[in-house]
Every structure is written in C-alpha cells, then in structure tokens.
Amino acid sequence: MENGRDDGRTPNQLRPLACSRSILHRAHGSASWCQGDTKVLAAVYGPKAGTKKNENPEKACIEVIWKPETGQIGKAEKENEMILKRTLQSICILTINPNTTTSVIIQVVNDDGALLVCAINAACAALVDAGIPLKHLAVAICCCLAKDGHVILDPTKSEEQKMKGFAYLVFPNSVLSALTEGSVAKGELMEHGIITSVTQGVISVEDYFKCLDRGRAASSKLSDFLRRSLKLQLPSDLSKVG
Amino acid sequence: MGLPSDSGDLSSEMDVDAYRRLFPTHFYEKHLSLSIRPDSRPLGKARDTTLALGAVGSVDGSALAKIGSTTMLAAIKMEVMTPCTESPNEGSIVIEFHMPPICSPIVRPGRPAEAAPVLSKQLSDTILSSGMINLKELCLIHGKAAWMAYLDIYCLDADGALFDAALLSAIGAFSHLQIPTVSLTDNGKIVVLLDEDESRKLGKEPVNSGKKKLTINNIPFSLTCILYKNYILADPTAEEESIMETLVTVVLDSSARLVSFYKPGGPVLAYMSAIQDCVALTRQRVKELQKILDEAVSGMEVD
C-alpha cells in the first residue's frame with residue numbers, strides 16, 4: 001500500500017470542489033468555495049469611495065478583511081490578509097477605478113487544511129461575481145511534501161500536520177486566446193509563472209521544484225473547473241466570451 | 001508635457017533629483033539598462049552588512065544588525081515557566097517584531113504598522129521551522145520548568161529588506177545568548193543566580209551549570225530580491241521596494257536547504273529561470289552572511 005492517504009485519494013487527486021456564486025444578497029459579489037471539508041465564503045463590496053487611509057489618486061485600493069471561524073484575529077490571519085491582498089492586487093486592473101476602495105471579506109466556515117488556498121480561490125470567484133475588472137484569474141493550490149519525499153496535493157488538516165513541508169502556490173489561469181504568441185513570455189507559458197508562493201518547513205530546493213511541477217499540472221485542472229463554474233451562471237449571450 | 005512618455009526628452013534638461021522624483025520608473029530603467037543601481041551597486045549585490053553582538057546590556061542576549069542603512073536591534077530575555085503538557089521537555093520561543101514610528105515615515109504614532117505582525121509571523125515560522133534552536137535544550141526540569149525566550153526585534157531604520165535584517169539580528173542575538181544560572185529552592189521555586197559562587201554559598205547546586213550557550217545548527221539566512229521585467233535586484237532599498245513592487249524572499253539554511261520561498265503576489269510573475277536565479281543569489285549571500293556571523297562571534301570571544 002503505497003502513498004496511501006487517509007481518505008483513499010491518490011497523491012495527485014484533489015478533494016471534491018464546489019463553487020457557488022451570488023449567494024449573498026447585499027454584497028456586490030460573493031462566492032463560496034469548498035475543497036472537501038474546507039469551506040470559505042467571500043464577499044466583495046465596491047468599488048466604493050476611497051477611505052482616507054487607503055486613498056491613492058492613481059490606483060484603486062483593495063482591502064482584505066479576514067474573519068476566522070471563531071475568536072479574534074491574530075498574527076496568522078494578518079499574514080493571510082496581507083498575502084491575499086497582494087495576490088488580488090496583482091490580478092486586478094487597478095488603474096481603471098482610481099481613488100476607490102474594494103473590500104474583500106473572507107469568512108472561514110470550516111478549516112480542514114489548505115485554508116489560504118481555498119480563500120484565494122473564493123476571493124477570485126467573488127471578484128468575478130462583482131464584475132471587478134481582472135487581468136486574469138488566479139488559481140491557488142497547496143502541495144505537501146511527505147517525509148519520504150513524495151508530493152501530495154490538496155492536503156487535509158491532519159495530513160498537513162504530518163508533512164515535512166508544504167507550499168501554497170498561486171498560478172495565473174490558462175488563457176484561451178486566438179493569439180498563440182500572446183500568452184508566451186520568454187518561451188514559457190504565462191500560466192507557468194507563479195504569482196504567490198508561501199512555503200513552510202525545511203525542504204531541498206529540488207523538492208520545491210518538484211512541488212512547482214505538480215502544482216502547475218494540477219492548476220490547469222483547477223483553472224478549468226473555475227472557468228466552467230463561472231461560465232454556468234453567465235447569461236447565454238456572454239457564454240462565448242468566457 | 002509632463003506625460004511619462006515625454007520624460008525621455010526631459011532627462012537632459014532637468015535636475016537629476018527632480019527627474020528621480022517625477023519619473024521614478026524611467027529613472028530606474030535608465031540605470032537598470034546599464035546594469036547599475038542609483039547607489040552604484042551592481043544588480044545582484046547586497047549592501048554592506050554589519051553585525052554587532054551584545055548591543056544591549058540589560059538582557060541575556062542581543063545583537064544589532066545593519067544592512068545598508070536598515071537597522072535592527074534584537075534582544076532576548078529569558079524567563080522560567082512551566083512547559084505545556086504536550087511537550088513537557090521543551091521550552092519555547094516567543095518572537096515579536098516592532099516597528100516604532102522612528103523607523104519610517106509610513107509608520108504613524110498611535111497606529112501600529114501593518115507590516116509588523118506579518119513580519120513577526122514570518123520570522124517565527126522561519127526560526128521555528130528551520131530547527132535552528134533545539135527547544136529541548138531550553139528544558140530545565142522535565143515537566144516542571146523550562147525557559148521561555150522572549151525575542152524582541154526593534155526596527156530602528158526601515159530602508160528595505162526588513163526581513164533579512166531582522167532575521168540576521170535574531171540569529172546574532174541567539175548566538176550571543178548566555179543562559180542564566182538558576183537553582184531550585186527548598187520550596188520548589190526556581191531562582192536566578194547572579195553567579196555560580198553564590199549558589200555554593202547557599203549550599204545548593206545550580207540546576208543548569210555548564211550549559212550557558214545554546215547550540216545553533218542549520219542557521220537560516222535570507223535574501224530579498226526584486227523582480228522587475230527581466231531584471232533581478234538583490235537587497236532592495238525602501239525606494240526600490242516602493243517603485244518595483246514584486247518582492248521575493250528566499251531563505252536557505254547553512255546546508256543549502258530551502259526554508260522558505262516567499263513571494264506574496266506582485267505584478268511580475270516568477271518564472272522558473274527567475275526562481276533559479278534568486279536561489280543562486282541567495283546561495284552566494286548565505287556564504288557572505290555566514291562569514292559575517294562567524295567574525296562577529298569570534299570577535300565577541302576575544303573580548
């Protein structure tokens with residue numbers, strides 16, 4: 001019994017994904033994202049008039065508010081807020097609505113591993129739902145490195161604790177374009193570049209590259225799922241664009 | 001007139017400082033195309049780095065690290081506590097990073113800096129996951145008493161690459177740390193002794209004699225790089241960080257394993273070649289920093 005995981009998945013298998021949009025009535029955009037038992041709700045308000053603190057005459061501002069499942073916000077949540085904010089800033093076209101603030105509120109419903117990844121995917125779907133102009137989508141994936149050196153994807157919380165190290169990776173989604181050269185930069189596909197990388201635990205550099213490869217491969221599957229679930233709710237006349 | 005596209009023509013007519021302020025990206029691109037930075041560094045070179053151990057007299061271990069003008073003061077205070085039941089033979093380390101208003105114009109008095117808790121978390125993740133300190137060495141009596149090391153890092157001058165300087169100062173403070181001698185009183189309390197002679201006078205053996213320094217292995221060292229177009233700039237200043245926003249922090253330990261590869265978003269995507277270049281630059285930097293640390297430690301032993 002090789003690479004057996006507690007829930008019987010293969011190392012590369014993700015947990016069942018679920019995404020639904022427009023679930024909150026008052027928010028300008030909202031989405032819930034589930035990966036197995038990890039569930040995150042995201043709501044987007046904005047663009048609204050910039051608050052004094054975040055005012056920038058040249059760029060739109062994004063603020064992220066992270067609400068944990070229970071209790072007060074701590075250092076870990078602050079870090080998640082910062083990572084999420086920087087990640088969303090890099091996919092939004094900030095020059096379109098200068099001097100405005102867009103609030104992204106993340107409510108953790110249940111944490112069973114790969115929480116930050118789940119939150120990034122939820123936030124991305126909520127931004128689409130709110131109609132915020134984006135350059136491309138972001139797909140996030142969690143890769144774990146087990147003690148014996150093999151890589152597993154999308155760990156549960158109990159798996160996360162047993163691992164030698166893990167990496168949260170965010171990739172741009174694969175681009176569907178009539179122009180083939182458009183997505184190629186320096187001989188590498190755009191979706192091969194990483195937007196965000198956060199790692200924990202001591203691993204060798206080669207193992208990190210192994211995680212990157214696996215993450216990239218899985219991100220295309222995730223990207224297809226995201227595209228499909230966003231398409232479903234679009235009006236029929238727009239479905240060609242998606 | 002005044003549009004960024006016109007700036008190319010203005011550069012010859014304008015004062016350099018004015019041009020730098022008005023067209024920062026053009027100013028930097030002109031330098032980068034010649035593979036040089038405004039402070040006359042090549043792209044891959046870090047600023048001058050110094051580490052001084054024992055900067056604060058009233059604590060058990062301290063260090064002052066400077067990378068260029070970024071200055072960090074780290075201090076460790078040791079306290080005795082009861083270890084938690086899950087790990088009765090381990091002490092603990094609490095890391096706090098402070099950004100007082102003195103360090104940078106972006107920090108206002110009364111409002112805590114946004115970056116401070118994030119850096120605290122990043123530092124404690126790095127220091128604890130690297131296994132640099134064996135927490136078992138901080139144990140005094142199994143299940144009864146262990147050391148709690150309070151590590152406070154103060155940023156005195158924030159001029160870019162804060163994480164690198166903070167990590168270096170933390171490592172310096174741990175290398176300088178002298179664990180105080182303690183003894184057990186008759187009613188089961190732990191008291192800190194000023195020196196070992198005192199304990200003989202009291203007729204009690206100190207609990208932890210002869211273990212005054214921590215063994216530090218697999219020391220993590222970090223390098224922050226900026227990715228901008230096809231350029232990679234090592235060890236950015238605050239000005240560079242504000243203009244070119246994509247930061248990558250690589251932490252490698254002394255045996256060249258990856259402790260952290262941290263890229264929180266940013267407009268530039270990191271491709272394989274850039275990742276490999278950042279790791280290679282960090283490898284070189286680890287050697288430099290190791291030398292600086294060794295010199296600081298040996299300098300302290302001479303005193």
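Bear in mind the structure is a predicted one, so any value in this text is a computation, not a measurement.

Draft legend 1. Focus on the UniProt feature "domain: Exoribonuclease phosphorolytic" (unreviewed entry) in chain B. Residue and element names in this part refer to chain B. Mapped onto this numbering, the UniProt entry annotates "domain: Exoribonuclease phosphorolytic" (unreviewed entry) at residues 46-180 and 219-276. Helix makes up 22% of residues 46-180 and strand 35%, whereas the separation of the span's terminal C-alpha atoms amounts to 36 Å. Each end of residues 219-276 is marked by a C-alpha atom, and these two atoms are 21 Å apart; helix forms 19% of the span and strand 45%.

Draft legend 2. Summary view of the interface of chain B and chain A. Listed by partner, the interface residues are 38 residues for chain B and 36 residues for chain A. Summing the contributions of chain B and of chain A, the shared interface buries around 3,100 Å²; its carbon and sulfur component is 60%. The largest contributions to the chain B side of the interface with chain A come from B:Leu258, B:Tyr271 and B:Met272, which together make up 21% of the buried area. Between A:Lys85 and B:Glu114 there is a salt bridge, and its shortest N-O distance comes to 3.8 Å. Run the count over chain B and chain A and you get 14 residue pairs in polar contact (both at pLDDT 80 or more). At the level of secondary structure, the elements contributing two or more residues to the side of chain B that touches chain A comprise strand E4 (92-98), helix H4 (115-129), strand E11 (246-253), strand E12 (258-262) and helix H8 (272-302) of chain B. A per-element tally of the side of chain B that touches chain A places H4(B) first, with 7 residues. Split by residue class, the side of chain B that touches chain A holds 18 nonpolar, 10 polar and 10 charged.

Draft legend 3. View of the sheet that holds strand E1 (residues 17-21) of chain A. Residue and element names in this part refer to chain A. Taken in spatial order, the 5 strands make up an open sheet running E1-E2-E3-E5-E4, and their pairing is mixed. In the strand order of this sheet, the two ends are held by E1 and strand E4 (61-67), each with one partner. For this sheet the average axis-to-axis angle between neighbouring strands, irrespective of direction, equals 15°. Strand direction decides the pairing type here: strand E3 (residues 38-49) and strand E5 (residues 100-110), joined by 9 bridges, are antiparallel. Of the residues in E5, the one forming a bridge with valine 40 is valine 108. Those strands touched by helix H1 (residues 75-91) are E4 and E5, and its axis lies near 145° from that of E4. The sheet contacts of helix H2 (residues 115-130) involve E1, strand E2 (29-35), E3, E4 and E5, and relative to E2 the element is tilted by about 150°.

Draft legend 4. Layout of the sheet that holds strand E11 (residues 196-200) of chain A. All names here are of chain A. Strand order in the open sheet formed by 4 strands is E7-E6-E8-E11, and the pairing between neighbours is antiparallel. In this open sheet, the two edge strands, each paired with only one partner strand, are strand E7 (151-153) and E11. Recorded for the sheet is a direction-independent mean angle of 20° between the axes of neighbouring strands. Across 3 bridges, strand E6 (residues 138-145) lies against E7 in antiparallel orientation. Looking at E7, one finds that cysteine 144 is bridged to isoleucine 152. Helix-sheet contacts for H2 involve E6 and strand E8 (165-172), and the interaxial angle to E6 is about 170°.

What counts as what
- Residues numbered from 1 in each chain as written.
- Chains lettered and ligands numbered in written order.
- Predicted model: local features only at pLDDT ≥ 70, side-chain atom pairs only at ≥ 80, totals over all residues.
- Heavy atoms only, no water.
- UniProt positions renumbered as here; feature names shortened; annotations may be inferred.
- Helix = DSSP H or I, 4+ residues; strand = E, 2+ residues; numbered from the N terminus.
- Contact = heavy atoms within 4.5 Å.
- Buried area = accessible area lost by both parts, 1.4 Å probe.
- Salt bridge = Lys/Arg side-chain N within 4 Å of Asp/Glu carboxyl O.
- Polar contact = N/O pair within 3.5 Å; in protein donor to acceptor, adjacent residues only side chain to side chain.
- Nonpolar A, V, L, I, M, F, W, Y, C, P; charged D, E, K, R; others polar.
- Pairing = 2+ DSSP bridges.
- Axes fitted to C-alpha atoms, helices over the stretch in contact; angles between N-to-C directions.

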